[in-house]
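Descriptive analysis of the structure
Residues per chain, in single letters:
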Amino acid sequence: MNWKKRIVDVAVEGILWGLYYWLLFALLIPLVIDRFLGGLPQVQVTQSGGNLLIIVLLFIGLSLAATALKGTIYSPLIGALESILGFAIILYFMNGGVITASLNYGGPVTVTLDISPILWEIFLFFTIPGAILPFVEYFMRAKE
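I will try to describe carefully the structure that is included in this document.

1. Focus on the environment of Ala11
Counting through the fold element by element, Ala11 comes out in helix H1 (residues 3-36). For Ala11, a relative accessible area of 27% translates into the label partly exposed. For the pair formed by Ala11 and Leu64, sequence separation is 53 residues and the distance between their alpha carbons is 6.2 Å.

2. Quick word on the pattern of salt bridges
Summed over all chains, the structure comprises two salt bridges. Residue Asp9 is joined to Lys5 by a salt bridge in which the shortest nitrogen-to-oxygen separation is 3.6 Å. Of the two residues, Asp9 and Lys5 both sit in helix H1, four residues apart, roughly one turn of that helix. On the basis of relative accessibility, which here comes to 31%, the residue Asp9 falls in the partly exposed class. We classify Lys5 as partly exposed; its relative accessible area is 47%. A salt bridge links Glu137 to Arg141; its shortest N-O distance comes to 3.1 Å. Of the two residues, Glu137 and Arg141 both sit in helix H4 (residues 116-143), four residues apart, roughly one turn of that helix. The class of Arg141 is partly exposed, set by a relative accessible area of 46%.

3. Describing H4
For H4, spanning 28 residues, the distance from its first C-alpha to its last is 39 Å, which sits close to the expected 40 Å at 1.5 Å a residue. Considering bend angle alone, the principal kink of H4 is centred on Phe123 and spans about 35 degrees.

4. Quick look at the pairing of strand S1 (residues 98-104)
Of the strand pairs in this sheet, S1 and strand S2 (residues 108-114) are connected by seven bridges, and their pairing is antiparallel. From the neighbouring strand, Val98 faces S2, where its bridge partner is Asp114. Hairpin connection between S1 and S2: a loop of three residues separates the two successive antiparallel strands, and Gly106 in this loop has a positive phi of roughly 75 degrees.

5. Structural notes on the packing of aromatic side chains
Within the structure shown, the criterion is met by three aromatic pairs. A centroid spacing of 5.6 Å and a plane angle of 85 degrees characterise the contact between Trp120 and Phe123, whose relative ring orientation is edge-to-face. Here the residue Trp120 and the residue Phe123 both occupy positions in helix H4, the gap between them amounting to three residues, near one helical turn. Residue classification places Phe123 among the partly exposed residues on the basis of a relative accessible area of 23%. Arranged with centres 5.1 Å apart and planes meeting at 75 degrees, the rings of Tyr138 and Phe139 form a pair that is edge-to-face. On the accessibility criterion, Tyr138 (22% relative accessible area) is partly exposed.

6. Notes on a nonpolar patch on the surface
Taken together, the side chains of Leu69, Ile73, Tyr74, Leu77 and Phe139 present a nonpolar region at the surface, about 460 Å² in accessible area. By the secondary structure assignment, Leu77 is in helix H3 (residues 74-93).

7. Some remarks on H3
Along its 20 residues, H3 runs 28 Å from first to last C-alpha, staying within 8% of the 28 Å computed at 1.5 Å per residue. The complete set of buried residues in H3 reads Ser75, Pro76, Ile78, Gly79, Ala80, Glu82, Ser83, Gly86, Phe87, Ile89, Ile90 and Phe93. Positive phi appears at Asn95, one or two residues downstream of H3, with a value of about 55 degrees.

8. Points about the side chain of Ser63
You can see Ser63 is positioned in helix H2 (residues 50-68). Among all residues touching Ser63, those that are not within four sequence positions of it are Gly14, Trp17, Gly18, Tyr21 and Glu82.

Cut-offs used in this document
Residues numbered from 1 in each chain as written. Predicted model: local features only at pLDDT ≥ 70, side-chain atom pairs only at ≥ 80, totals over all residues. Heavy atoms only, no water. Helix = DSSP H or I, 4+ residues; strand = E, 2+ residues; numbered from the N terminus. Buried < 20%, exposed > 50% of the residue type's maximum accessible area, 1.4 Å probe, protein only. Salt bridge = Lys/Arg side-chain N within 4 Å of Asp/Glu carboxyl O. Expected span 1.5 Å × (residues − 1). Bend = angle between axes of the 7 residues up to and from the residue. Pairing = 2+ DSSP bridges. Phe/Tyr/Trp six-rings, centres within 6.5 Å; stacked < 30°, edge-to-face > 60°. Patch = residues over 30% accessible without salt bridge, like charges linked within 9 Å, V, L, I, M, F, W, Y side chains within 5 Å. Areas by Shrake-Rupley, 256 points an atom, 1.4 Å probe, with all protein chains shown as cover. Contact = heavy atoms within 4.5 Å.

See the structure below:
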């Protein structure tokens with residue numbers, strides 16, 4: 001295979017996977033939780049500007065590395081790292097699942113909402129499979 005074609009293939013696949021992880025962990029899941037918490041003012045889970053740019057570049061870089069190292073044991077390790085890192089970013093942005101909002105309703109009122117059960121569901125349905133499936137794929141290819 002031509003090395004130029006390989007570089008283009010790695011770049012395209014890595015960028016697409018990086019954008020997928022970014023959309024899932026940095027935009028879609030926080031957006032769903034924002035909608036869920038829509039009645040609470042001053043609570044915003046989604047990030048903007050520089051934070052998202054750093055996340056996008058991080059996920060694209062990890063995906064490029066995983067794609068470039070496809071066929072080695074490092075590829076599933078990096079793939080698992082992407083999934084776990086995505087969950088860690090959600091935990092960081094959401095203060096571990098405890099959201100506090102201050103309301104002025106006839107006086108100062110503080111509302112605290114623990115959404116950690118929702119975060120555990122995200123962990124079970126997105127993070128664990130995202131960390132295990134790269135290894136399954138690697139070892140299935142090794143058998144062939």
